[in-house]
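If you want the building blocks of each chain, they are given just below.
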Amino acid sequence: MKDIDEINELLRPLARIGTDEPGGRAGGTRAQALFTDIIAQERQPTPSEPSRRLRDRHWARRTLLGLAASVVLALGVVLGPSLLGHGGGTAISYANSAVEIREEADTYVARIKDPYADQRRFSEAFRALGLNVELNVIPVSPTAVGKIVRMGGTMRSAIENVPFGANREPADCDLTDSGCFMVVTVPAAIKGTSDVMQFELGRPAKPGESYTNEWQSATRAGEQLAGAKVSGRTVGDVLAEVRKRGLTADFNLVAVHEGGYELKPLAADQVGAKWIVYKVASVRVGVVRLQVTPERNPALEYEQD
């Protein structure tokens, strides 16, 4: 009976998943069936082995507990998403293949396990905890990785002095390392309210994948043309710098109008070497985009060298 009690302790966390919660009822019929099957495997000593009774019993106990632990792990894999809560039934954590969310102090902390997962898995996890949070993880240029690119929604709840936003864990770690995670923090105060928080979190782009933040300057520190002087220079001069760094370029025409300007796609054979570059944006790995005009336009504010 002592062995059975220990096994029940191992299976107890699974039983906290409710019948109507993601992952099903881990502590129900399937778990008990597996448990019964394990019990049936305990080795029984025979009359011809009296001298080995104590040793065999010790072996059986260790084997039984080991198998029970394996069941716990196996059930976690088979059942997928898990939702755990306080004894009173209030959910405090949720995990699926894409993200793990835990309540910590006055916040919910989401650790991104798979930044390339189906976008719906992220918002699904927050909804499972009663949080109206819409999270999209999008491909961005290097300096925006692990950062909130856009944030919106309605936040009327009191969230003063409660941290929210994004960072890396551990701080400043390299996301190519398996132990480095992108982390999003939201205030617990929005739980159960009509408040909505919307995040777009930057992730590394896949090979050939375009950046979502195409407005990002390619000359910013950490970007592909970091430190280059491009604004107000000719297309010929800027292209020479682009090629020097092993990059290629495409073009946008800066069409100035009253109240601002818009960018229009422009074929390379329509651009002259003496045209003027206004800005250069990041497009994807190895590619930048020159925003150009046929001549220097007084309506545009060129960056000073």
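Residues numbered from 1 in each chain as written. Predicted model: local features only at pLDDT ≥ 70, side-chain atom pairs only at ≥ 80, totals over all residues. Heavy atoms only, no water.

Caption draft 1: Broad picture of the overall build of the protein chain. From N to C terminus, the protein chain includes five helices and 13 strands. Going through the 305 residues of the protein chain one by one, you find that 38% of them count as buried. For the protein chain, long-range pairs separated by at least 24 residues make up 59% of all intrachain contacts whose partners lie at least 6 apart in sequence. Surface summary for the protein chain: the accessible area is close to 17,000 Å², and the carbon and sulfur share equals 52%. (Helix = DSSP H or I, 4+ residues; strand = E, 2+ residues; numbered from the N terminus. Buried < 20%, exposed > 50% of the residue type's maximum accessible area, 1.4 Å probe, protein only. Contact = heavy atoms within 4.5 Å. Areas by Shrake-Rupley, 256 points an atom, 1.4 Å probe, with all protein chains shown as cover.)

Caption draft 2: Broad picture of the pattern of salt bridges. Scanning all chains against the criterion turns up ten salt bridges. Across the pair R102 and E100 runs a salt bridge, and its minimum N-O distance is 3.5 Å. Judged by its relative accessible area of 39%, R102 falls in the partly exposed class. Judged by its relative accessible area of 24%, E100 falls in the partly exposed class. Note that E169 is salt-bridged to R111, the shortest N-O span being 2.7 Å. Of the two residues, E169 sits in strand 7 (residues 165–169) while R111 sits in strand 4 (residues 107–112), which places them 58 residues apart along the sequence. Taken together, the shared-partner salt bridges connect E104, R111 and E169 into one network. (Salt bridge = Lys/Arg side-chain N within 4 Å of Asp/Glu carboxyl O.)

Caption draft 3: Seen up close, unusual backbone geometry. For the peptide bond that leads from E169 to P170, omega is -5°, which places it in the cis range. Positionally, P170 belongs in the loop between strand 7 and strand 8 (181–187). The phi dihedral of A105 is positive, around 55°, even though this residue is not glycine. Note that A105 resides in the loop between strand 3 (99–104) and strand 4.

Caption draft 4: Molecular detail of the packing of aromatic side chains. Taken as a whole and assessed by the stated rule, the structure comprises two aromatic pairs. Aromatic side chains Y278 and Y302 sit 5.7 Å apart centroid to centroid with 90° between the ring planes, which places their arrangement in the edge-to-face category. Highlighted residues: Y278 in strand 12 (residues 276–284) and Y302 in the segment after strand 13 (287–293), separated in sequence by 24 residues. Take Y278: its relative accessible area is 7%, and that puts it in the buried class. (Phe/Tyr/Trp six-rings, centres within 6.5 Å; stacked < 30°, edge-to-face > 60°.)

Caption draft 5: Expanded view of the environment of T185. Checked against the element boundaries, T185 lands in strand 8. Overall, T185 belongs to the buried group, its relative accessible area being 13%. Between the alpha carbons of T185 and V109 there is a distance of 4.6 Å; along the sequence they are 76 residues apart.

Remember, this is a structural readout, not a statement about activity or role.
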